[in-house]
Amino acid sequence: MESQASVARGATSLYVANVVVLLANTLYFLVLTNILRSTTQVGIVTALNIVIWLLVTVCILAQPVSVQSPIPAPQAVLKFLPELLAKGSHRSAARVFKISLTSAAVIGGVIAVVLALFPGSVAPLIGGEAVLPYYIQLSAVDILILGVAQVCVGSLIALGDMRSATIYLILWSVARYTLASLLLVPYVIVGVLVGWILGDAILLIIALHRSLGRIQGGNGKANGFSVSDLTKYSLYTLFSALIGFAINQADKIFTLAQRGLQELAIYNVAIVAASFAGFAPYALVTVLLPALSALHASNKKREMRQMIRTYTRYVSIVVLPIAFGFAALTQVALRIFGPDYVAGLAPSMIVSVVTGLAAVGAVYAGVLLALGELKWYAGANVLGLASLLIVSYFLTPILGLSGPALGRASLMVLAALVYTIAVQRSGFLEIDLKAFVSAAASSTLMGVVVYVSLSFFHTFLTKLVMAPVLVVVGAMIYIGSLRALHLLTKDDVQFVQGIAPKRFQKLVPLVAKLAGVPT
């Protein structure tokens, strides 16, 4: 139970950090959309952001820690550092860190030089003449800095230093988007890029200093490590991360190609609104992978199965209400950006709900990575991407913005199904089916009541004022439904008490009482 609580605390910390990142990004978007009245300029910033994160993915040969994706592809350090430390191979763990850091710096440096010297080769791909050369050159600097910083943050998570990783991600997000918002006013797009660079440099400095101190402090054996294994894993995760990146961006590309820049701006904001639920399963797989890898390396199969079952339960109980709840309140969130963005309501709701339903797949993704079942993992990615492309291609011309959203939804469902089949073949398929069904039914009831109640208010101001009240009402409906279904147990209460911050632990018995659970 302690090991499970430790993973949950890590996942909760990372989720909180990612939510702070999303909130900072959302506030920055509010400033961006209200100051840059031109949708073309908003489109340029969006396109540059896509390019930066694509090339950062290439630099680290994996998915960045601060980016959520329906197809998780965690960095090699998240797998190999805990495995090697569990075996006592501290020097080999340090070697993995140094190789990962060096490769990110070298690849990032090459990319930065190429973009700095040949900005004109990229501009036609992301907007043509409207994208000025120095926009791309500034982006090149940011790619190098951000790539190295991501390896450092990933290493801290792998070492179990979640407190530092969480604090750094929060500080980074606040600094990055605050600076971008402040510099946007006098310097427009250049100000945004300089703000990103300064914020990313802050993350690099503090995360590099901390990770070097943690890694260099170890001694011990130098065996148990193979460069070929590291290379093989990194190639698979790069392949999966690029597919995951394509999955994240393919719907936006279809929107841009078939609906234009204005619709791209609306769709992008809609997906940002739906991202709250998506961060939870990604945070879980990022933290769950090191724990499962350590158990697998120690051949503790029973403990692995217990952990898998436990986390299918808690993913269901926690992520489903978050997803359905945000879907019900999305109309209020979108209206804050402006009346034009309410057109993204349907795609935002689709993505949010399906993210919740497919979230259990994130647990199985972590299992496959820990077991080294990379072919199944990559196969799920390929099938998912094919599904997204096909559905988006045929439905976008017919359904507009709902087309790419349904494409993304089909990807998440298909990938989760393939993960499940692969884990079953490996003999580690565990699921708390009662928890999933009960949480899904309770979340549906909660979401419907909140959405319908919100529709009775006809002005934006009244909906905004009533949103917090409906959040409380929704939470009460959800907890009451779980009580009626007798889902929660005393073990659940003890588990929550183990991961809750101290200042919130006094509230746990109260919530347990409302849910009908004896403490």
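Engineer: Explain the overall build of the protein chain to me, and be specific about the residues and the numbers.
Structural biologist: On a plain count of helices and strands, the protein chain comes out with 18 helices and zero strands. Counting every position in the protein chain, which comprises 519 residues, the buried fraction comes to 55%. Considering only intrachain contacts with a sequence separation of at least 6, the fraction spanning at least 24 residues in the protein chain is 82%.

Engineer: Pulling in residues and values, what's your account of the packing of aromatic side chains?
Structural biologist: Overall, the coordinates contain seven aromatic pairs when judged by the stated rule. Between Y377 and Y419 the ring centres are 5.9 Å apart and the planes differ by 15°, which places this aromatic pair in the stacked class. Remark: Y419 occurs in helix α14 (residues 402-425) and Y377 occurs in helix α13 (residues 374-399); sequence separation between them is 42 residues. Residue Y377 shares its accessibility class with Y419, and that shared class is buried. Three or more aromatic residues joined by ring pairs form one cluster here, namely Y28, Y177 and W196.

Engineer: Pulling in residues and values, what's your account of helix α11 (residues 345-357)?
Structural biologist: Given a rise of 1.5 Å per residue, 13 residues ought to cover 18 Å, and the 19 Å separating the end C-alpha atoms of α11 matches this to within 8%. Buried residues of α11: L345, P347, S348, V351, S352, V354, T355 and G356, and no others.

Engineer: Run through helix α15 (residues 433-455), naming residues and quoting values.
Structural biologist: The terminal C-alpha atoms of α15, which comprises 23 residues, lie 33 Å apart, in line with the 33 Å expected from a rise of 1.5 Å per residue. In this fold, the buried residues of α15 make contact with α10 (301-337) and α16 (460-484).

Engineer: Quick rundown of the packing of helix α3 (residues 76-86) against helix α4 (residues 90-117)? Include the residues and the values.
Structural biologist: At a minimum axis separation of 8 Å, α3 and α4 run at an interaxial angle of 165°. Judged by the inter-axis angle, α3 sits roughly antiparallel to α4. As α3 runs across α4, the sense of the crossing is left-handed. Contact residues: V77, F80, L81, L84 and L85 in α3; H90, S92, A93, V96, F97 and S100 in α4. A per-class count over the contact of α3 with α4 returns eight nonpolar, three polar and no charged.

Engineer: Lay out the nonpolar core in plain terms, naming residues and giving numbers.
Structural biologist: Of all hydrophobic cores here, the largest spans 129 residues; its most connected members are Y28, L32 and W196. At 17 residues, the largest contribution of residues to this core is made by helix α6 (residues 162-215). Setting aside residues up to four positions removed in sequence, Y28 forms contacts with V45, Y177, A180, S181, V192 and W196. Membership of the second largest hydrophobic core comes to 18 residues, among which are A323, A435, A439 and L470.

Thresholds applied
Residues numbered from 1 in each chain as written. Predicted model: local features only at pLDDT ≥ 70, side-chain atom pairs only at ≥ 80, totals over all residues. Heavy atoms only, no water. Helix = DSSP H or I, 4+ residues; strand = E, 2+ residues; numbered from the N terminus. Buried < 20%, exposed > 50% of the residue type's maximum accessible area, 1.4 Å probe, protein only. Contact = heavy atoms within 4.5 Å. Phe/Tyr/Trp six-rings, centres within 6.5 Å; stacked < 30°, edge-to-face > 60°. Expected span 1.5 Å × (residues − 1). Axes fitted to C-alpha atoms, helices over the stretch in contact; angles between N-to-C directions. Parallel < 35°, antiparallel > 145°, perpendicular 65-115°, else oblique. Left-handed = near helix turned anticlockwise from the far one by under 90°. Nonpolar A, V, L, I, M, F, W, Y, C, P; charged D, E, K, R; others polar. Core = buried A, V, L, I, M, F, W, Y, C linked by side-chain atoms within 4.5 Å.

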